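# Survey of secondary and tertiary structure
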Amino acid sequence: MSVANLRFLITGGARGLGRGLTAWLVQRGHDAYILDADAGELKHTLGTHLPSLKPAAGSAKLGRFEGAECDISNAEQVGEAVRKAAQWHRGGLLDVLVNNAGRANPYWADGRTFEQIDVQEWRTYIDTNLSGAFYVSKAAVPFLKASARGEEEPRGAIVHTSSIRAKQSEPNQEGYASAKAGLLGMTHSMASSLADAQYRIRVNAVLPGWFPTDQESSAGGAWDDGLTKEDHEQHWAGRVGKMEDYAQAVFFMATNGFVTGQEIVVDGGMTRKMVYVE
Ligand SMILES: NC(=O)c1ccc[n+]([C@@H]2O[C@H](COP(=O)([O-])OP(=O)(O)OC[C@H]3O[C@@H](n4cnc5c(N)ncnc54)[C@H](O)[C@@H]3O)[C@@H](O)[C@H]2O)c1
């Protein structure tokens, strides 16, 4: 199975984990189309950041990249944007969709508590972090499905970016945790629906732990700016997450032809760690 020069659609690719993933893929010769609601970061990523990259060792040249502004919580915008993305790609088709975009701060805005939040704030998490992934998936399936791609390998794949907060909590993150847990239900449900021979699309989820992302933006900075020794050492891995940790997990889920309906936790061991007071 060849996994060279795959055609990716990545939401939230203008900054953070999505930008890190896009760069990692493009440096390895894959083509990436990104959708993002932040016009300023999108312009910087497409016009300045990605063109400045060098191919990774063993790769002859950078993959192609393009993108468009799109709010994934708006189903109409999504339909049009995904169509354009597929048209831009070789053969008018997609190999992999990564539903990465999201409202990334897990806590209710302005330090509000469960009792203080209103329905509208709840909706912003569900609309973007859960419904957004559903809208983009629905729009992308016609360009990923086996009946459109013939016998082309690898088969189409979808990767949802969930979070370890789908499985464990601090106070005042109900919207975020519910949307991210919802993505896990959507993962096995879509994997089942899209297993049919006309689709043969594998659907998996990546659950990141703590990944600093401010450096992946027009403002720049170092990966570990502002982090303490304790921040790193509380992880069994001895450090917080790096972009390649995320990218490798997404790529594995996207390209291993026998993995579907599954979840992979990338958190340096934090969700397996027992915490007790002596
Ligand atoms: N960074 C972490 O530690 C961490 C941990 C677990 C899960 N995640 C998840 O990873 C994903 C990326 O997070 P990040 O930390 O890189 O965040 P980030 O804020 O750095 O980047 C998120 C990107 O998504 C875009 N986006 C947000 N809402 C959008 C919308 N409605 N339509 C289109 N684009 C939109 C933003 O403009 C931004 O470019 C999110 O789904 C987040 O929940 C992150």
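About the cut-offs
Residues numbered from 1 in each chain as written. Predicted model: local features only at pLDDT ≥ 70, side-chain atom pairs only at ≥ 80, totals over all residues. Heavy atoms only, no water. UniProt positions renumbered as here; feature names shortened; annotations may be inferred. Salt bridge = Lys/Arg side-chain N within 4 Å of Asp/Glu carboxyl O. Helix = DSSP H or I, 4+ residues; strand = E, 2+ residues; numbered from the N terminus. Buried < 20%, exposed > 50% of the residue type's maximum accessible area, 1.4 Å probe, protein only. Near = heavy atom within 4 Å. Polar contact = N/O pair within 3.5 Å; in protein donor to acceptor, adjacent residues only side chain to side chain. Nonpolar A, V, L, I, M, F, W, Y, C, P; charged D, E, K, R; others polar. Core = buried A, V, L, I, M, F, W, Y, C linked by side-chain atoms within 4.5 Å.

Going by what an unreviewed UniProt entry lists, the protein is known as NAD(P)-binding protein and is assigned to Tilletiopsis washingtonensis. The protein has a UniProt comment under Sequence similarities (unreviewed entry) that states "Belongs to the short-chain dehydrogenases/reductases (SDR) family."

Now for the pattern of salt bridges. Taken as a whole, this structure holds 15 salt bridges when the rule is applied. With its nearest N and O atoms 2.7 Å apart, the salt bridge here joins E170 to R165. Ionic pairing is found between E233 and K229, a salt bridge with its closest N-O pair at 3.9 Å. With a gap of 4 residues between them, E233 and K229 both fall in helix 7 (residues 229-233), about one helical turn apart.

The general pattern is negative phi for most residues beyond glycine and trans for most peptide bonds. Cis rather than trans, the peptide bond between E153 and P154 has omega equal to -5 degrees. Along the chain, P154 turns up in the loop between helix 5 (146-149) and strand 5 (157-161). Notably, D110 is not glycine yet its phi reads approximately 60 degrees, a positive angle. In this structure, D110 sits in the loop between strand 4 (96-99) and helix 4 (119-144). Here D110 falls in the exposed class, since its relative accessible area comes to 72%. Unusually for a residue other than glycine, N172 sits at a positive phi of about 65 degrees. Relative to the assigned elements, N172 resides in the loop between strand 5 and helix 6 (174-193).

Now for the site of the ligand. Around the ligand sit 25 residues in total, of which R15, L17, D36, N100 and Y176 are the nearest. Separating an oxygen atom of the ligand from a backbone N or O atom of F211 is a distance of 2.9 Å. Among the secondary structure elements, those contributing two or more residues to the shell around the ligand are helix 1 (16-27) and helix 6. Classifying every residue of the shell around the ligand by side-chain character gives 10 nonpolar, 10 polar and 5 charged.

With that out of the way, let us pick up the nonpolar core. Counting residues in hydrophobic clusters, the biggest one holds 32 residues, and the most contacted among them are L9, L35, V82 and I158. Contributing elements (two or more residues each) for this core: strand 2 (31-36), helix 3 (75-88), helix 4 and helix 6. Counting residues per element, this core draws most heavily on helix 4, which supplies 9 residues. In terms of nonpolar packing, the next biggest core, distinct from the first, is built from 31 residues, F8, I34, L53 and F211 among them.

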